[in-house]
Amino acid sequence: MIAAHPDQGWSLLCNGVVLFEDTGLLLPDGTVVAPHRAPVAA
């Protein structure tokens, strides 16, 4: 981890990936990986 900003909900990893607190990703090539959310049980 190169930079962590928990107050803003993201961290920058050494491979250039921006990791968001909600499990979403922004890859170095600009590709977005949507957050992985578990289904909500009723």
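Criteria and thresholds
- Residues numbered from 1 in each chain as written.
- Predicted model: local features only at pLDDT ≥ 70, side-chain atom pairs only at ≥ 80, totals over all residues.
- Heavy atoms only, no water.
- Pairing = 2+ DSSP bridges.
- Helix = DSSP H or I, 4+ residues; strand = E, 2+ residues; numbered from the N terminus.
- Contact = heavy atoms within 4.5 Å.

**Q** Before we go on, may I ask you to explain the sheet that holds strand 3 (residues 18-20) in this structure?
**A** Hydrogen bonds between backbone atoms are what pair the strands of a sheet, whose relative direction is either parallel or antiparallel. Read across the open sheet, the five strands follow the order 1-2-3-4-5; overall the sheet is antiparallel. Each edge of the open sheet is held by one strand with a lone partner, namely strand 1 (3-5) and strand 5 (32-33). Judged from the three bridges that link them, strand 1 and strand 2 (residues 10-12) form a sheet pairing that is antiparallel. Considered in strand 2, the bridge of H5 is made with W10.

**Q** Can you walk me through the side chain of S11 in this structure?
**A** Inspection of the secondary structure puts S11 in strand 2. Setting aside residues no more than four positions away along its own chain, S11 makes contact with M1, A3, A4, V17, V18 and L19.

Just geometry here; none of it tells us what the structure is for.
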